[in-house]
There are 2 protein chains.
Amino acid sequence: MADRYGYNGKILRVDLSRRAISVEEPSEDFYRRYMGGRGFISYFLLRELSGGEDALGPKNKLIFALGPVTGVPVAGSGRNSVGGKSPLTNGYGDAEVGGYWGAELKHAGYDAIIVEGKSEKPVYLWIEDGKVEIKDASHLWGKTTGECQKLIQAELGDKGVRVALIGLAGENQVRYACIINDASNAAGRTGMGAVMGSKNLKAIAVRGHQKVALSDAAVVSSFARQLRNDIKTHPIARNLAQNGTAGHVMGLNSGGGLPTRNFQQGVFDGAEKIATDAINNSILTKRKGCYACSINCKPEVTTGEPYNVDPIYGGPQYETLAALGSNCGIDDLEAVAKGNELCNAYSLDTISTGVAISFAMECFERGILTERDTGGLKLNFGNAQAMLQLVEMIAKKEGLGKVLAEGVARAAKVFGKEAEEFSMHIKGQELPLHDPRLKPGMGVGYTISTTGVDHCHNMHDTLYTQKVWGPLKALGVLEPLPLHDLSPAKVRMLVYYSQWQHMVNCLVFCYFLSSYLSFTPSQMADMIRGVTGWDTNVWELMKVGDRCVTMTRAFNIREGFGKDDDYLPHRFFTPLTSGPLKGVSIDKNELRQAIDTYYAMVGWDKNGVPTLAKLQELDIEWVAGV
Amino acid sequence: MADRYGYNGKILRVDLSRRAISVEEPSEDFYRRYMGGRGFISYFLLRELSGGEDALGPKNKLIFALGPVTGVPVAGSGRNSVGGKSPLTNGYGDAEVGGYWGAELKHAGYDAIIVEGKSEKPVYLWIEDGKVEIKDASHLWGKTTGECQKLIQAELGDKGVRVALIGLAGENQVRYACIINDASNAAGRTGMGAVMGSKNLKAIAVRGHQKVALSDAAVVSSFARQLRNDIKTHPIARNLAQNGTAGHVMGLNSGGGLPTRNFQQGVFDGAEKIATDAINNSILTKRKGCYACSINCKPEVTTGEPYNVDPIYGGPQYETLAALGSNCGIDDLEAVAKGNELCNAYSLDTISTGVAISFAMECFERGILTERDTGGLKLNFGNAQAMLQLVEMIAKKEGLGKVLAEGVARAAKVFGKEAEEFSMHIKGQELPLHDPRLKPGMGVGYTISTTGVDHCHNMHDTLYTQKVWGPLKALGVLEPLPLHDLSPAKVRMLVYYSQWQHMVNCLVFCYFLSSYLSFTPSQMADMIRGVTGWDTNVWELMKVGDRCVTMTRAFNIREGFGKDDDYLPHRFFTPLTSGPLKGVSIDKNELRQAIDTYYAMVGWDKNGVPTLAKLQELDIEWVAGV
């Protein structure tokens, strides 16, 4: 019998300033209370930072975290989280990423890595079955993610080594630089690549051969079997297998909410050119997946001249197609694919990059920026060449790229007061490609999201369709509500779903699988029980989610965030002027009312600060003292 | 395939003023939100009363309610709830009772009965497989419960008829009259027998032959099997089978918390004489059980002269042994058994009756009452004859009995200011026989209990032992806390357990089985899923409990209750002067702090009023409008 199931019981700490490596073994209660992923990250950031640190300074920490199911042969379990204080928002930051790296780290013997300090020279970490080495990376600095990964695999003599790493954008501390796994999977949001760069850490290479000990292997494999069956037969899984997330392009376009030209419109006349059929019939070479998952929802693409897109970098998915495509007014699919390749090669978040470029385009079209500012670039919407050039300039921090590399919030301050209206961000992070005017319930979630703004823990179809989907029925949402309803009943849906989804973030489990397939929340709890041996249940899991929401909120409160930071960009209060949503906008007062209701429902005071009683109820009273 | 599983989908409404019978068929969502028992009762009372009604007037309602599992062949499922506005507290009232009547009503086709109005003449209800008749009960008025039950069974020509009924105390509207099922099972607390009497309703006789439709019979029978196995092997089940609840007498006495002489002491020198071994070796004839349960924890006793206790009325269990025994300073087991028989025959709650008598005894010993007041009775502690005579006088409302029949709160007002200190009640209901100085966590629950004061939904061993028991570990209580701790962590335990136990009240499931045996909360959820077909889980169940706590609280708020009504009798703030708990008392400020923390944790404002957001979060915003 293993000591502990699911987890390794070991957290690796690497102090790059002192080149010190240590291992901590938290109690089982720690694992049960915080579970993993975002739960671990917020725990350590609350405990070990004290507020006000420079996100790009050596006092920030970069934490890679897994969950109990990571590396267990169940679809959805190949992911990892990575977090720290965000250089984009100066608040809580983390991102999640699929692929194989997370599973590999679990198999190598750790549940999380806390990286602290700053290396004098570029280094990378090499972790193999428990052994840890800090290795020189001077020769890797400046390399693209794809090149660097190959060099590391060659140097270590093992093509099975999995590498999480940064490219030029991370090295240059572009505030929305991401971390790339397997060259094509991005831990995209909140600028964790910049934090990694600030520490002179180029990569973490991992190899592990240990299986995860399971408390009840039969329960786990029965769950895995159900998932495999769903993957073969469930319409949403089939759609993902066929189209990845690219199906959203036409779906949102026909609903009138496809972000177009910096969120000015919700319908894009070139939508079909960057949508599923176009991709499947032209640039797609194959689809790739993640550890233990047979959906294979991730595209791999290639093109000939002039772009010669390298398939190692995968291909554009929905957010990228909209960010670099419709939202920049661009319908040149091959250019968008090139943009995607550049972002992955340089480790740039495609969402922030695209929204930064569309922001610059709108400023250019409105005369706020001129060719003098752009270095001669004609930054009109639809100019694919300009878009690609800007991606390069951002990664290299050249010219206008240097300003945009700071994110749209900071750039707007440089461009002048009138630019601010066009900077589509919340708390400093650029918006994902979902228009709150189409999904007002998600819009409320946008304002409250502790990672700036996020579309993964606040958005579920139940919030804006006439059907109660996925986990929500089992969470007590018995009836659907109208799309544009922002009543307390809608807020309740958001609260419940957001707690559930934060638990999924702590589990570090795939968002698609957790939200839309046929298994129920109870079956998820059973599976976690099968892995860990805990007699857990949906209630305890929801408390894990609630705890996590609250901890990340507490982090932001410590950093000085308050209720005034919970807002939507002004644009969404003005009606769309065309398409199916013509005339539709968010009502500012209704939104404020919904936000206040959210606070009250989750036990935060009128200023959005978690009450002491709430912390106590969640068994995290210690948070009040940090 | 049945239309609906678990439930009949039918609620019977009987207006005794108009002699009108009707049947309502609520939606499935109604059942899923409120589940049954206390959930149904509080729903209908909130909807159909408007506050300020006379609890003994025709506008009050008397609601008998079942749960989804009632009548399913699973141990613990033979129970029913009965509630209305309490004539004792003028707040929310209900009581639960075991036996067979609940299962019989389910098999007869109903999930609940709402009795309204007032019959001109004594009547009883006769329900047989869906058919309902209002029958004359003039010839039954004045009969003891045992006699009356036999007469009804004879009149209906079926010994299988189950009867819930009242005796003289109910007819006379003694404020703590109870309702008796099968002559020996009491729906004891909050005076529902008085409400029944006020409506001139003597009895409800039920016969049903319909099986409960199950969504997944295999899941249900697997749960039933596990329970049967537990009943055979689990130490707590074995103890119950051997001793009923009488084992608590010596347990609490050795802990120093056996209520003695009106809660003046916690150790009783005659404890052994009224404890398990004494019972088992003398008066016990056999043990009886409830529908589908083979524990058989209920004693049946008999005695020879002078008491000639009739075994039809069962025998004294812990609360009765302490209420009529140690708390009256009485160690004459046969007299206590006689007192129990009289209470059941007259339909008197043994807890309130015993505490009313011990109150009178203390007043007598302190000279507040004299023989002139008692009609010559020497009401000293330990006087078994006086105790028995007072039981008769209370049921018949004779002499001092007439004053005591109003409950100790009202009686103290008659006896004068100095008596108040010795009236052991909260919100007008007499205390159960558990001393908060031994179980401070439960003490906090006492103050907040919406049924006045209750020991079933607020008391769990985890609150005062060094072990995390039963459901609490699976609800996220990872560590035990010291007995006398009243910290927020202890309040958290209470909040969680109380929500769980309120859900059990809505399920109308046995308290012992739900709190201490080997099945987990998840298995309970599975069983409910097996019965109803709902994809439910522990989280949804906890919300049912939370909703129910909140609804009953809202009922009390409407009736004018506020934070000042949440208190403990003064006695508990003074230290015990002997025994293992010598010197121990409750700290008044700590208690107030704990109550305030409880409010904040469950989403009530500083005055203990559920916030609008809390109602909205629980999907019961309508409660704000009642």
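Residues numbered from 1 in each chain as written. Chains lettered and ligands numbered in written order. Predicted model: local features only at pLDDT ≥ 70, side-chain atom pairs only at ≥ 80, totals over all residues. Heavy atoms only, no water.

Let us now look at the overall build of chain A. Tallying secondary structure elements over chain A gives 25 helices and 16 strands in all. Based on the C-alpha atoms only, the size of chain A along its principal axes is roughly 65 × 55 × 50 Å. When the 626 residues of chain A are sorted by exposure, 68% land in the buried category. Within chain A, residue pairs in contact and separated by at least 24 positions form 69% of the contacts whose partners lie at least 6 positions apart. Here chain A has roughly 19300 Å² of accessible surface; of this, 48% comes from carbon and sulfur atoms. Across chain A, the 67 positively charged side chains and the 69 negatively charged ones have centroids separated by 1 Å. (Helix = DSSP H or I, 4+ residues; strand = E, 2+ residues; numbered from the N terminus. Buried < 20%, exposed > 50% of the residue type's maximum accessible area, 1.4 Å probe, protein only. Contact = heavy atoms within 4.5 Å. Areas by Shrake-Rupley, 256 points an atom, 1.4 Å probe, with all protein chains shown as cover. Lys, Arg positive; Asp, Glu negative; His and termini not counted. Charge placed at Lys NZ, Arg CZ, Asp CG, Glu CD.)

Here the focus is the relation of the copies chain A and chain B. Least-squares fitting of chain A to chain B yields an RMSD of 0.0 Å, with the transformation described by 0.0 Å of translation along the axis and a rotation of 180°. Viewed as a symmetry operation, the transformation between the two copies matches a two-fold axis. Distance from the rotation axis, computed per C-alpha, reaches its smallest value in chain A at A:Trp539: 1.9 Å. (Least-squares fit on C-alpha atoms with pLDDT ≥ 70 in both.)

With that settled, the discussion passes to the packing of helix 11 (residues 318-325) of chain B against helix 13 (residues 350-365) of chain B. All names here are of chain B. Look at helix 11 against helix 13: their axes get within 8 Å of each other, and the N-to-C directions meet at 15°. What the angle tells us is that helix 11 and helix 13 run roughly parallel. For the crossing formed where helix 11 meets helix 13, the hand is left-handed. Contacts from Glu319, Thr320, Ala323 and Leu324 of helix 11 reach helix 13 at Thr350, Ile351 and Gly354. Here the contact of helix 11 with helix 13 is composed, by residue class, of 3 nonpolar, 3 polar and 1 charged. (Axes fitted to C-alpha atoms, helices over the stretch in contact; angles between N-to-C directions. Parallel < 35°, antiparallel > 145°, perpendicular 65-115°, else oblique. Left-handed = near helix turned anticlockwise from the far one by under 90°. Nonpolar A, V, L, I, M, F, W, Y, C, P; charged D, E, K, R; others polar.)

Attention shifts here to the side chain of A:Glu362. Secondary-structure assignment places A:Glu362 in helix 13 (residues 350-365). With near-sequence residues (within four places) excluded, A:Glu362 lies in contact with A:Arg261, A:Asn262, A:Gln264, A:Phe381, A:Phe422 and A:Arg571.

When the parts of a complex come together, some accessible area is lost, and that lost area is often used as the size of the interface. Contacts between the two partners involve 34 residues from chain A, matched on the other side by 35 residues from chain B. Approximately 3000 Å² of surface area, both sides summed, lies buried where chain A meets chain B, with 55% of it carried by carbon and sulfur atoms. Contact with chain B buries surface across chain A, with A:Leu478, A:Trp539 and A:Glu617 losing the most and accounting together for 23% of the total. The partner of A:Asp619 in a salt bridge is B:Arg492, with the nearest N and O atoms 3.5 Å apart. Elements with a minimum of two residues in the side of chain A that touches chain B: helix 1 (28-34), helix 19 (470-474), helix 20 (488-507), helix 22 (521-532), helix 23 (538-558), helix 24 (588-601) and helix 25 (612-617) of chain A. Here the element with the most residues in the side of chain A that touches chain B is helix 23 of chain A; it accounts for 6 residues. (Buried area = accessible area lost by both parts, 1.4 Å probe. Salt bridge = Lys/Arg side-chain N within 4 Å of Asp/Glu carboxyl O.)

A separate point is the confidence of the model for chain A. Summary statistics for chain A give a mean pLDDT of 96 and a share of 100% for residues scoring 70 or more. Under the prediction, the complex receives an ipTM of 0.93, its pTM being 0.96. (pLDDT = per-residue confidence, 0-100.)

Now for the pairing of strand 1 (residues 11-15) of chain A. All names here are of chain A. Burial runs high along strand 1: 5 of the 5 residues are buried. In strand 1, alternate side chains face the same way, and those of Ile11, Arg13 and Asp15 on one face and Leu12 and Val14 on the other are all buried. The pairing of strand 1 with strand 6 (residues 112-116) spans 5 bridges and is classified as parallel. Looking across to strand 6, one finds that Asp15 is bridged to Glu116. Note that strand 1 and strand 2 (residues 20-24) share 5 bridges and pair antiparallel. Paired with Arg13 across the two strands is Ser22, which belongs to strand 2. Linking two consecutive strands that pair antiparallel, namely strand 1 and strand 2, is a turn of 4 residues; a positive phi of about 50° is found at Arg19 within it. (Pairing = 2+ DSSP bridges.)

Below, the discussion takes up the packing of aromatic side chains. What the rule picks out here adds up to 42 aromatic pairs over all chains. Residues A:Phe263 and A:Phe572 carry aromatic rings whose centres are separated by 5.7 Å and whose planes lie at 90° to one another, so their mutual orientation is edge-to-face. Taken as a pair, A:Phe263 in the loop between helix 9 (248-255) and helix 10 (276-281) and A:Phe572 in the loop between helix 23 and helix 24 lie far apart in primary sequence, 309 residues in all. Like A:Phe572, A:Phe263 is buried. Ring plane angle 75° and centroid distance 6.4 Å describe the contact between B:Tyr34 and B:Trp622, whose orientation is recorded as edge-to-face. One end of the pair, B:Tyr34, is in helix 1 (residues 28-34); the other, B:Trp622, is in the segment after helix 25 (612-617), with 588 residues separating them in the sequence. Accessibility classification places B:Tyr34 together with B:Trp622 in one group, the buried group. What links up through ring pairs into an aromatic cluster is the set A:Tyr7, A:Phe30, A:Tyr31, A:Tyr34, A:Phe40, A:Tyr43, A:Phe44, A:Trp534 and A:Trp622. (Phe/Tyr/Trp six-rings, centres within 6.5 Å; stacked < 30°, edge-to-face > 60°.)

To continue, consider the sheet that holds strand 12 (residues 201-207) of chain B. All names here are of chain B. Pairing in this open sheet of 6 strands is mixed, and the strands run 8-7-12-9-10-11 from one edge to the other. Of all strands in the sheet, those with a lone pairing partner are strand 8 (131-136) and strand 11 (185-187), marking the two edges. Averaged over all pairs of adjacent strands, the angle between strand axes in this sheet comes to 20°, irrespective of strand direction. Sheet topology places strand 9 (residues 162-165) next to strand 10 (residues 179-181); 2 bridges connect them, and they run antiparallel. Note on strand 10: the bridge partner recorded for Leu165 is Ile180. Contacts between helix 4 (residues 145-156) and the sheet are confined to strand 7 (123-128), strand 8, strand 9, strand 10 and strand 12, with strand 9 contributing the most and set at about 140° to the helix.

Pairing between the strands of a sheet is mediated by backbone hydrogen bonds and can be parallel or antiparallel. All names here are of chain A. Ordered by their spatial adjacency, 6 strands build an open sheet running 8-7-12-9-10-11, and the pairing between neighbours is mixed. Only two strands of the sheet have a single partner each, and these edge strands are strand 8 (131-136) and strand 11 (185-187). Shown here is a sheet whose adjacent strand axes are inclined to one another by a mean of 20°, direction ignored. One ladder, built from 6 bridges, connects strand 7 (residues 123-128) with strand 8; its direction is antiparallel. Bridge assignment links Ile127 to a residue of strand 8, and that residue is Val132.

Next up on the list: the domain arrangement of chain A. All names here are of chain A. As assigned here, chain A comprises domain 1 (11-207), domain 2 (244-430) and domain 3 (440-625). Taking the mean C-alpha position of each, domain 2 and domain 3 sit 27 Å from one another. Each side of the interface is counted separately: domain 2 has 24 residues, and domain 3 has 24 residues. Summed over both sides, the interface of domain 2 with domain 3 buries roughly 1800 Å², with 64% coming from carbon and sulfur. For the pair domain 2 and domain 3, the number of links is 2 salt bridges. Note that Glu362 and Arg571 form a salt bridge whose closest N and O atoms lie 2.6 Å from each other. Taken together, the links from domain 2 to domain 3 amount to 9 residue pairs in polar contact (both at pLDDT 80 or more). Taken together, the elements giving at least two residues each to the side of domain 2 that touches domain 3 come down to helix 9, helix 13, strand 15 (425-426) and strand 16 (429-430). (Domains from an automatic or database assignment. Polar contact = N/O pair within 3.5 Å; in protein donor to acceptor, adjacent residues only side chain to side chain.)

Residues and elements named next belong to chain B. Taking 1.5 Å as the rise per residue, helix 2 (residues 37-48) with 12 residues should run 16 Å; its terminal C-alpha atoms sit 16 Å apart, in good agreement. Across the 12 residues of helix 2, 10 count as buried, placing the element largely inside the fold. Considered for burial, the residues of helix 2 that qualify are Gly37, Arg38, Gly39, Phe40, Ile41, Ser42, Tyr43, Phe44, Leu45 and Leu46. (Expected span 1.5 Å × (residues − 1).)

A separate point is helix 9 of chain A. Residue and element names in this part refer to chain A. When we look at burial in helix 9, the residues that qualify are Val249, Leu252 and Asn253. For helix 9, the arc enclosing every buried residue in end-on projection is 105°, short of the 170-degree limit, so these residues lie on one face. Downstream of helix 9 by a residue or two, Gly256 has a phi angle that is positive, lying close to 85°. (Arc of directions from axis to C-beta.)

Next up on the list: unusual backbone geometry. What is expected of a backbone is that most residues other than glycine have negative phi and most peptide bonds are trans. In this structure, the amide linkage connecting A:Glu305 to the following residue, A:Pro306, adopts the cis form with an omega of 0°. Its location among the elements puts A:Pro306 in the loop between strand 14 (298-301) and helix 11 (318-325). Phi is positive for A:Asn262, which is not a glycine, with a value near 60°. We classify A:Asn262 as buried; its relative accessible area is 0%. For B:Asn296, which is not glycine, the phi dihedral falls at a positive 55°. With respect to the secondary-structure elements, B:Asn296 resides in the loop between strand 13 (284-288) and strand 14 (298-301). Note on B:Asn296: relative accessible area 28%, which makes it partly exposed.

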